[in-house]
Amino acid sequence: MPDTLPPFAQRMDQVRPSAIRDLLALGADPAILSFGGGYPDATLFPKALLQDVFRDAIADPSGDPLQYAPSDGLPKLRAQIAALMTADGTPTAPEDVLILQGSQQGLDFAAKMLVNPGDTILVEDPTFLGALIAFAPAQPRYAAIPMDADGMDMDALEAALRATPSARLLYTVPDFQNPTGATLSLPRRQRLIDLANRHDLIVLEDTPYRHIRFAGDALPTLKSLDTQGRVIHLGSFSKILVPALRIGWAVAAPPLLEKLSLLKVAADTQTSTLNMAATSLFLERHDLWAHVATLRAAYARKKEVMLQAIRQHFPQEVTVTDPQGGLFTWARFPQGFDATAFLRDHALPKARVAYVPGGTFFATSPQPNHARINFSAQSEDRIRTGIAALGHCLKDHLSCP
């Protein structure tokens, strides 16, 4: 290896490892009970059904599932996704769908397509850490919009749009937001679309948790409310089937989808043909929504187990959200509490429990007294055990002068 390397591109200055990466790597230790990842429950994966569809895809006499495929995805799978979107209240044609290598790829493509260095992206405050990582190479600035239980504050959004008229892209997770679990209310969805139309804004709607709803009525997608072709809708099978398929999709108006498709060709030519073919066979043969109903019931129970354990074991000054769906609750600790330091110095070595410190989810002004806690991945017994241990550790720490 040479002693020196040529300088990296300037965009790499923005591509930094997360400050919590090394801490969370400890969470991979089997001795650590981790509430850190956004993992679905692996015991609920439909392994036998997936084994059958993969076997049959590989055995297809034509060999097509093992061959190259169109860059925008297998036509049959695009049609099936369009049907799923239409049934969910978002009329969609197959030609409106681009198959992605997970919806995370859509975040990368949207930033590449729309954001020049120094441009402003409007994001929720806090927002999905993975989006900030995907946007970083585009070298953006951020305008962070406060949130409450009904999602992004539209008055604050309107003020931010007046203050930054050059902003072109808004990113939102409207359903059971990562990390807070909040859901954007219907009046705010309608107003967001109105603001996007008036301020020439593209809206990037990320919906990986949309179908994991425990309570309340489903709200329309932003894409279904879109009147001017401004919304790029991202969906994924990672949370409702299995993450390892890495099958996501984008639905957008033709001018946007055409550019996204070009970026897809440049990035990886196509998503795995075999994974697309197996997913298509699964949708053809099996009832996806029956499987999702099983997930909803299991995750609803786990959420209640976690919240009950938190009420029993956490200090009263720690508050958590009660989401109507998704995979996470969002904890708020007293002012002055550093969730990263507590994870490093207490939670991991003493309680043997991991979570994601919240400061890294804030795009502009980190607030270290927060944490994202996942309830979907662990069993109910392990949730009780881990929350009890974490609560004991918190009480000892917060009681110290």
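For the structure, check the block above.
Residues numbered from 1 in each chain as written. Predicted model: local features only at pLDDT ≥ 70, side-chain atom pairs only at ≥ 80, totals over all residues. Heavy atoms only, no water.

### Some remarks on the overall build of the protein
A count of helices and strands for the protein gives 13 helices and 14 strands. Relative to the 2.2 N^0.38 estimate, which gives 21 Å for 401 residues, the radius of gyration of the protein is 21 Å and therefore close to what a compact globule would have. For the protein, the C-alpha atoms occupy an extent of roughly 65 × 60 × 55 Å along the three principal directions. Contacts in the protein between residues far apart in sequence, at least 24 positions, make up 76% of those at least 6 positions apart. Carbon together with sulfur atoms contributes 54% to the accessible area of the protein, which is approximately 17700 Å² in total. (Helix = DSSP H or I, 4+ residues; strand = E, 2+ residues; numbered from the N terminus. Rg over C-alpha atoms; globule rule 2.2 N^0.38 Å. Contact = heavy atoms within 4.5 Å. Areas by Shrake-Rupley, 256 points an atom, 1.4 Å probe, with all protein chains shown as cover.)

### Focus: the sheet that holds strand β13 (residues 356-357)
An order of β10-β11-β14-β13 is seen for the 4 strands of this open sheet, with the pairing classed as antiparallel. With partners counted over all chains shown, the strands left at the sheet margins are β10 (319-320) and β13, one partner each. Relative to strand β14 (residues 370-374), strand β11 (residues 328-332) is paired through 5 bridges, and the arrangement is antiparallel. Looking at β14, one finds that W330 is bridged to R372. (Pairing = 2+ DSSP bridges.)

### Quick look at the sheet that holds strand β9 (residues 247-251)
Spatially, β2-β9-β8-β7-β6-β3-β4-β5 is the arrangement adopted by the 8 strands of the open sheet, whose pairing is mixed. The open sheet is flanked by β2 (97-101) and β5 (151-152), the only strands paired with a single partner. As paired elements, β2 and β9 share 5 bridges and run antiparallel to each other. Bridging across to β9, L100 finds its partner in G248.

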